[in-house]
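Structure at a glance
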Amino acid sequence: MAERTIQLVYSRPFPGRDDEYNEWYDNTHIPDILKVPGVVSAQRYDLRPLAREQGTEPEYRYLTIYEIEGDADEVMAAVSQAATSGQAVMSDSFDRSSAKLSFWTAHGAKHVSS
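The structure reproduced in this document is the subject of the present report.

Calculation criteria
- Residues numbered from 1 in each chain as written.
- Predicted model: local features only at pLDDT ≥ 70, side-chain atom pairs only at ≥ 80, totals over all residues.
- Heavy atoms only, no water.
- Pairing = 2+ DSSP bridges.
- Helix = DSSP H or I, 4+ residues; strand = E, 2+ residues; numbered from the N terminus.
- Axes fitted to C-alpha atoms, helices over the stretch in contact; angles between N-to-C directions.
- Contact = heavy atoms within 4.5 Å.

**Comments concerning the sheet that holds strand β1 (residues 4-11)**
- If you walk across this open sheet you meet the four strands as β2-β3-β1-β4, and the pairing is antiparallel. Either end of the sheet is taken by a strand with one partner, and the two such strands are β2 (39-46) and β4 (100-104). Between one strand axis and the next, the sheet turns through 15 degrees on average, direction left out of account.
- For β2 and strand β3 (residues 62-69), the ladder comprises seven bridges, and the chain directions are antiparallel. Each residue of the ladder has a partner; that of A42, found in β3, is Y66.
- Each of β1, β2 and β3 touches helix α1 (residues 18-34); the most contacted strand, β2, lies at about 165 degrees to it.
- Each of β1, β2, β3 and β4 is contacted by helix α2 (residues 72-85), which is oriented at about 120 degrees to β3, the strand it contacts most.

Now the structure itself:
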């Protein structure tokens, strides 16, 4: 089995453009990215602040977790090429300059509660 990498993408839309951003991300961006060989899954999350965090403005409200199979550098080069070529349509509602990406591989076995 090829190595699996998890990519975390923290992102946000430009102010006032959440609906447009979410429509694009869910219905255009993720399907486009899933066409790139090596990207095997994607799931989006909305921030759920705890009660004790009320009154503070979060840096990010959206997280996407992608699962990548194979060489993550090669897969990300293909993702970049898809965006550059227009195969992966980008939205101007997405504040690309503020997005944070990180890549993770498993450290040991997965633990589950009994």
